[in-house]
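# Structural description and commentary
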Amino acid sequence: MTHAYPFLSTEQKKELSDIAQRIVAAGKGILAADESTGSMAKRFQNINTENTEENRRLYRQLLFTADEQVNPCIGGVIFFHETLYQKTDDGKLFPQLVKEKGMVVGIKVDKGVVPLAGTNGETTTQGLDGLYERCAQYKKDGADFAKWRCVLKITSTTPSQLAIMENANVLARYASICQMHGIVPIVEPEILPDGDHDLQQCQYVTEKVLAAVYKALSDHHVYLEGTLLKPNMVTAGHSCPRKYSPKEIAMATVTALRRTVPPAVPGVTFLSGGQSEEEATINLNAINQCPLHRPWALTFSFGRALQASALKAWGGKKENGKACQDQYIKRALSNSKAALGKYVSSGEGGAAAQDSLFVADHAY
């Protein structure tokens, strides 16, 4: 029989659960601004902007200095390593700026996906080496939560049992290391939307993956009250000929979560997974209107679905700063309402509200 030797004091547990609850307080979600330098290159290419450190700083400064209308909408911001140490034009560190707005600072700590030998193109995520020391440093530098992304895909032969178990184990190992340093781990087992699978197939795979993840978290003695889950919504594959309604997506998503995610988990912060901005908001709203009992906060951790219209409006031009912020504020307000099940679509989105944000085999 396993025996757990307590590694968290009562005070440490309280700190972790308090952080998690602040991030997913009513109407609040997460701005994922942790795109790697390579991902930013793709984003900037679309708006004909050079991918320099200064341009990345200027763009993220616009997001972080948006007016106080966004403060009740954003509970946490996920940073990329570079961004954690950047400053505003007047010399204030970005994490300090974000904290002053009442938001919690997060950091992406994984080092990307690598191939899993003997599988049909499946991957695991690297970055455990040195994570113990990096977490200690990030906590000192103001980060109170972290993110680690694992990726699984649906085909006729995947996800394999090996990929499910390996990714669940690496997420659990990461989560326990974070908690030892007072950092709330966001556990992200993303099932990619690539493929022609239907809604039922995605639900089945999502349930199997989440069941494995929570078994691994239990095996690693992770304190669930001090964690958050960042899953995909249950949707059909992008190439599926059948289109499902937001109500159907909501029912499949909430059912999968109810079967696998313990009520001890404070919140579920969905990734947008290449949905258009408006689609992601409408589906999140439907999830929060689902007639099934939902013991966790169900909110957002969006990157592209909060930023696509803002990025398009900015276009890399200084004079468009206000337009960029207006688009970001609009999406933040919409998603905040959706996290409460109170969003009503006006049909007129932002500069890119209806644009598909799907990227095949998406890597951050």
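This text follows the structure it describes.
Residues numbered from 1 in each chain as written. Predicted model: local features only at pLDDT ≥ 70, side-chain atom pairs only at ≥ 80, totals over all residues. Heavy atoms only, no water.

### What about the packing of helix H7 (residues 161-180) against helix H8 (residues 199-219)?
Running from N to C, H7 and H8 cross one another at 40 degrees; their axes reach a closest spacing of 8 Å. What the angle tells us is that H7 and H8 run oblique. In the packing of H7 onto H8, the handedness of the crossing is right-handed. Mapping the contact onto sequence places Ile164, Met165, Ala168, Asn169, Leu171, Ala172 and Ala175 in H7 and Lys208, Val209, Ala212, Val213, Ala216 and Leu217 in H8. For the contact of H7 with H8, the residue count by class is 11 nonpolar, one polar and one charged. (Axes fitted to C-alpha atoms, helices over the stretch in contact; angles between N-to-C directions. Helix = DSSP H or I, 4+ residues; strand = E, 2+ residues; numbered from the N terminus. Parallel < 35°, antiparallel > 145°, perpendicular 65-115°, else oblique. Left-handed = near helix turned anticlockwise from the far one by under 90°. Contact = heavy atoms within 4.5 Å. Nonpolar A, V, L, I, M, F, W, Y, C, P; charged D, E, K, R; others polar.)

### Points about the pattern of salt bridges
A complete count under the given rule lists 18 salt bridges for this structure. Asp34 is the salt-bridge partner of Lys108, the closest N and O atoms lying 4.0 Å from each other. Taken as a pair, Lys108 in strand E3 (residues 104-108) and Asp34 in the loop between strand E1 (29-33) and helix H2 (37-46) lie far apart in primary sequence, 74 residues in all. In this structure, Lys108 and Asp34 share a single accessibility class: buried. In this structure, the salt-bridge partner of Lys139 is Asp144, at a minimum N-O distance of 2.8 Å. Overall, Lys139 belongs to the partly exposed group, its relative accessible area being 22%. (Salt bridge = Lys/Arg side-chain N within 4 Å of Asp/Glu carboxyl O. Buried < 20%, exposed > 50% of the residue type's maximum accessible area, 1.4 Å probe, protein only.)

### Things to note about the packing of aromatic side chains
As enumerated under the stated definition, the model contains seven aromatic pairs in all. For the pair Phe64 and Phe94, a centre-to-centre distance of 5.1 Å together with 80 degrees between the ring planes defines the contact as edge-to-face. Taken as a pair, Phe64 in helix H3 (residues 53-64) and Phe94 in helix H5 (residues 94-100) lie far apart in primary sequence, 30 residues in all. Like Phe64, the residue Phe94 is buried in the burial classification. (Phe/Tyr/Trp six-rings, centres within 6.5 Å; stacked < 30°, edge-to-face > 60°.)

### Thoughts on the environment of Glu133
Within the secondary structure layout, Glu133 lies in helix H6 (residues 131-140). Distance in space between the C-alpha atoms of Glu133 and Ile177 is 9.5 Å, their sequence separation being 44 residues.

### Notes on the state of the cysteines
Applying the stated rule across the entire model yields zero disulfides. We note that Cys73 lacks a disulfide partner, and the nearest cysteine sulfur, in Cys324, lies 16 Å from it. For Cys73, a relative accessible area of 2% translates into the label buried. As a non-bridged cysteine, Cys202 has Cys240 as the owner of its nearest cysteine sulfur, 10 Å distant. (Disulfide = S-S within 2.5 Å.)

### What about the side chain of Gln86?
Mapped onto the fold, Gln86 is located in the loop between helix H4 (81-84) and H5. Ignoring any residue separated from it by four or fewer positions in sequence, one finds Gln86 in contact with Glu53, Arg57, Lys92, Leu93 and Phe94.

### Considering the pairing of strand E6 (residues 145-152)
Among the eight residues of E6, eight are classified as buried, and the element is accordingly described as predominantly covered. Because side chains alternate across E6, one face comprises the buried residues Phe145, Lys147, Arg149 and Val151, and the other comprises Ala146, Trp148, Cys150 and Leu152, equally buried. Sheet topology note: the E3/E6 ladder contains three bridges and is parallel. Paired with Ile107 across the bridge in E6 is Ala146. Examined bridge by bridge, E6 and strand E7 (residues 184-191) share eight bridges and lie parallel to one another. Across the sheet, the residue bridging to Cys150 is Pro189, located in E7. Taken together, E6, H7 and E7 constitute a β-α-β crossover, and its handedness is right-handed. (Pairing = 2+ DSSP bridges. Right-handed = clockwise from strand over helix to strand, strands pointing away.)

### Digging into the environment of Leu199
Among the secondary structure elements, Leu199 is positioned in helix H8. Here the alpha-carbon distance between Leu199 and Tyr244, two residues 45 residues apart in the chain, equals 7.7 Å.

### Considering the side chain of Asn288
By the secondary structure assignment, Asn288 is in the loop between helix H10 (277-287) and strand E10 (297-302). Contact partners of Asn288, with chain neighbours within four places excluded, come to Arg294, Leu298, Ala338, Ala339, Leu340 and Gly341.

### Thoughts on unusual backbone geometry
Following Thr158, the chain continues to Pro159 via a peptide bond in cis, the omega torsion being 0 degrees. Backbone geometry at His221 places phi at a positive 60 degrees, although glycine is not the residue there. Topologically, His221 is positioned in the loop between H8 and strand E8 (228-229).

Geometry only, nothing functional implied.
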